[in-house]
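A look at the structure
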Amino acid sequence: MRNLVRRLRRGPAAMVLALATTLLAPLPSAAAASFDVLVFSKTAGFRHDAIPAGVEAIRALGQEHDFAVTATEDSSVFTEQSLSGYEAVVFLNTTGDVLSDAQQGALQTYVDSGGGYVGVHAAADTEYDWPYYGQLVGAWFKSHPAIQQASVVNEDRGHPATAHLGATWTRTDEWYNYRASPRAGVRVLQSLDESTYSGGEMAGDHPVTWCHAQGQGRSFYTGLGHTAESYADPAFRTLLLGAVRYASGQAAADCSPKAGAATVEAESFTSGSGMQSASHTTASGGLTLGYIDSGDWAAYATVPTDGARRFTAKVSSAGAGGTIEIRAGSSTGTLLGSVQVPVTGGWETFTTVTTELTGTAAGPLVLRFTGGSGALFDIDTLSLTTEPAAEAGSQNVHLFYYPWYGSPAVNGSWRHWPQGGHTPPEDIGADFYPSLGPYDSGDMAAVVDRHMRWVRQSGAGVIVYSWWGRGGYEDQLAQGVLDAAAKEGIKVAWHLEPYAERTAASTVADIEYINATYGDHPAFYRSAEHGGKSAFYVFESLRISDWSALDQVTDTSIVLAQTTDTTKIAHFSGLYTYDGIAGATAPGWKQAGDYARANGLVWAPSVAPGYLDDRAVPGNTTPTVDRANGAAYDRQWTNALDPAIGGSPAWVSVTSFNEWHEGSSIEPADGSPPSGHGYLTFEGAYGKTGEAAETAYLDRTAYWADRFEAARG
């Protein structure tokens, strides 16, 4: 995977390839540009006369703002090796099928691993037979009226592409209608006021510019840019600059979808089986999803199910009626809910059906249809209503979070789960079995998104991300975890682990690297109470005696030593304990807390629900801490919050969210784990049973987080 902000410059071989495929190459300069952008404008359909003006505009922006631009129409540049030399790829008025299967795979890997994509205007008229591209661009072209003046509504002016604009923007362009509104899965930045021009066909909800996270990467699309004159407009050029800087990872922006519902034309499915479009004069746009038989299904790659809470559809039936199953990911994916479709008495007679969704999953929307024999029903439009994000949790409760797990399905092999000589999936090196099973930390949709929702449930507002060095496994996953955290309002601090040959100087370099690479991300934690400083916990800090190098970074970062010995924290910003055992007696906590408070330092004692590593470390003599159905966790929290014992902490750190090998996790444990391995469960914790017991420690953390915030006043 690539790092998009700090990376090695392209070598000579890569530069030769770039120049060989270039139509308009970067101008030479004395110093290397800060980042590189590929502009791709191949067409296999209609060709826009504005392409040369667009390339020239982006090239000029690069010269003005220190990024290099390579322009090409040779799709052979789409290999993983070649794309690794660019921070973003711009699809400038591309049309038709412009990439082979292998080239499509390279682009998908590039973006999902952290690359950036910008689509301009006819980029939505491209690669119709590739469902992933529909998800990447956000929506496909359907039609357009004549070029004319219209009013653009700037819905979100917090993005660097739209921050320079007023509430509305009157301009002339070619205004696309799209097959479906992308609103449910993107952050809409601009929309069209359909009352200000003729030919709008999106029922008054007409997004035209948007952005969203795609895997670990970023996607931006604007429907503007048909005319050559657009590229001479300073306001439009500034929009393009903001788009390129966001997609390249140079400028942060919140591109998470807003809560609400977006209407989708049912016939705009991206893949399916059996059914097809049907003409109906009374239907929206004159078409429905029709000819539906039992067992047919339709998928909508651009409509995500994350956070979906209600499904609504406009339907008709002169046939048998039946059931719509709402699923995530595939026709056999997680069932979120279902709704009955009645016989309405005619194909032109529509009614609305709706249902609350009780299932939870991530993935694109898929509808599966069941019922009797023959034609069942037609669907005109549909919508998913999403749940608004809950308020962020306490910024003073920090959960240690471990992204080091791997599985064959995602990582290619098991990682960490076999610890202690065990053989996953049923046999893992832990005394509790995760409710998600032996998951992969790189599975952003099914695992990390779920983790962040659980973190939000816990009432904690910050995770402390275990990090083992630049370019390592955890560093490669960091962007995706930050993106997932941002969706739930969670912030990310950093746990600097003792990798081989770590020194005080390398730690300083690591802090500078993390601040530079991830510091602009909306999920990056900065303490408002400490001047907006970032936060770093240094594990096993006592291995190094001279930490004077930290003076280079403590003006901008809070750096905590792992100890209660206040004679060992020179040059640090404070201290923490991590130890999941010591919290039961809190040795040295008051003295450490009093010293920190007297000297303007941060004190962040660590509490744990228990400690048990028998399966991960056979024969280990480390004492264990039985959970005692929650009593052990309560005891540690009580110690932390009692000024006479805990020393009045600034933060409380929790060991841990998901350190399964040490049995200290609050992440839900399976209440019915695989038999024959002696797994424990959370059954009975705080008097809870069944599914309620699985999340008991999340809920209890929320209880203590509230108590902590109340005590802080």
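Here's what I pulled together on the structure shown here. (Residues numbered from 1 in each chain as written. Predicted model: local features only at pLDDT ≥ 70, side-chain atom pairs only at ≥ 80, totals over all residues. Heavy atoms only, no water.)

This part is about helix α8 (residues 473-487). In a regular helix each residue adds 1.5 Å, so 15 residues correspond to 21 Å; α8 covers 22 Å between its end C-alpha atoms and thus fits that length. The largest bend in α8 is about 35°, located at Gln 479. For α8, the complete set of buried residues consists of Tyr 473, Glu 474, Asp 475, Leu 477, Ala 478, Gln 479, Gly 480, Val 481, Leu 482, Asp 483, Ala 484 and Ala 485. One or two positions beyond α8, positive phi appears at Gly 489, with a value near 75°. (Helix = DSSP H or I, 4+ residues; strand = E, 2+ residues; numbered from the N terminus. Expected span 1.5 Å × (residues − 1). Bend = angle between axes of the 7 residues up to and from the residue. Buried < 20%, exposed > 50% of the residue type's maximum accessible area, 1.4 Å probe, protein only.)

Glancing now at the packing of aromatic side chains. In total, this model carries 47 aromatic pairs according to the counting rule given. With a centroid separation of 5.8 Å and 40° between ring planes, the pair formed by Tyr 128 and Trp 140 is classed as tilted. Separated by 12 residues along the polypeptide, Tyr 128 in the loop between β4 (116-120) and α5 (131-137) and Trp 140 in the loop between α5 and β5 (141-143) bring together distant segments of the chain. In this structure Tyr 128 comes out as partly exposed when scored by relative accessible area, which is 25%. For the ring pair Trp 210 and Tyr 221, a centre distance of 4.8 Å and an interplane angle of 35° mean the geometry is tilted. Of this pair, Trp 210 sits in strand β10 (residues 207-214) while Tyr 221 sits in strand β11 (residues 217-222), and the two are 11 residues apart along the sequence. (Phe/Tyr/Trp six-rings, centres within 6.5 Å; stacked < 30°, edge-to-face > 60°.)

For the rest of this paragraph, the subject is helix α2 (residues 51-65). Between the first and last C-alpha of α2 there are 21 Å, a value that for 15 residues agrees with the 21 Å anticipated at 1.5 Å per step. Among the residues making up α2, those that are buried are Ile 51, Gly 54, Val 55, Ala 57, Ile 58, Arg 59, Ala 60, Leu 61 and Gly 62. Lining the buried residues of α2 we find β1 (35-40), β2 (67-72), β3 (88-92) and α6 (234-247). The first or second residue beyond α2 is Asp 66, which carries a positive phi of 65°. (Contact = heavy atoms within 4.5 Å.)

Time to look at the nonpolar core. Ranked by internal contacts, the top residues of the largest apolar core, which has 93 residues, are Met 452, Tyr 465, Trp 494, Ile 514, Trp 637 and Trp 651. If you tally residues by element for this core, the top one is α8, at 7 residues. Those residues within four positions of Met 452 in sequence are excluded, and the remaining contacts are Tyr 401, Ile 463, Val 481, Ala 484, Ala 485, Glu 488 and Ile 490. In this structure, Ile 58, Phe 67, Tyr 133 and Leu 239 belong to the second largest nonpolar core, which totals 75 residues. (Core = buried A, V, L, I, M, F, W, Y, C linked by side-chain atoms within 4.5 Å.)

A few words now on the sheet that holds strand β29 (residues 602-604). The strands that make up a sheet are held in pairs by hydrogen bonds between backbone atoms, and each pair lies either parallel or antiparallel. Taken together, 9 strands build an open sheet; the order of strands is β29-β28-β27-β26-β25-β24-β23-β31-β30 and the sheet is parallel. On the outer flanks of this sheet lie β29 and β30 (606-607), each paired with one strand and no other. Contacting β23 (394-401) and β24 (460-467), helix α7 (residues 444-457) runs over the sheet at an angle of about 140° to β23. (Pairing = 2+ DSSP bridges. Axes fitted to C-alpha atoms, helices over the stretch in contact; angles between N-to-C directions.)

In this section: the pairing of strand β22 (residues 378-386). In terms of residue burial, β22 counts as a mostly covered element, since 9 of its 9 residues are buried. Here strand β17 (residues 308-317) pairs with β22 via 8 bridges, running antiparallel. Directly across from Phe 311, in β22, lies its bridge partner Leu 384.

The full count for this structure, using the stated rule, is 1 disulfide. Note that Cys 211 is cross-linked by a disulfide to Cys 255, the S-S spacing being 2.0 Å. Across the disulfide from Cys 211 to Cys 255, rotation about the S-S bond amounts to roughly -95°, and the bridge is consequently left-handed. Residue Cys 211 is located in strand β10, and its partner Cys 255 is located in the loop between α6 and β12 (261-265); the two are separated by 44 residues in the primary sequence. Across the pair, Cys 255 and Cys 211 agree in class, each one buried. (Disulfide = S-S within 2.5 Å.)

To continue, consider unusual backbone geometry. Of note, the bond from Pro 424 into Pro 425 is cis; its omega dihedral lies within 30 degrees of zero at 10°. With omega at 15°, the peptide bond leading from Thr 655 into Ser 656 counts as cis. Here Ser 656 lies in the loop between β31 (652-654) and α13 (690-694). Even without being glycine, Asn 629 reaches a positive phi, approximately 55°. Of the residues examined, Asn 629 reaches a relative accessible area of 46% and is grouped as partly exposed. At Tyr 686, a position not held by glycine, the phi torsion is positive, near 55°. Topologically, Tyr 686 is positioned in the loop between β31 and α13. Judged by its relative accessible area of 23%, Tyr 686 is partly exposed.

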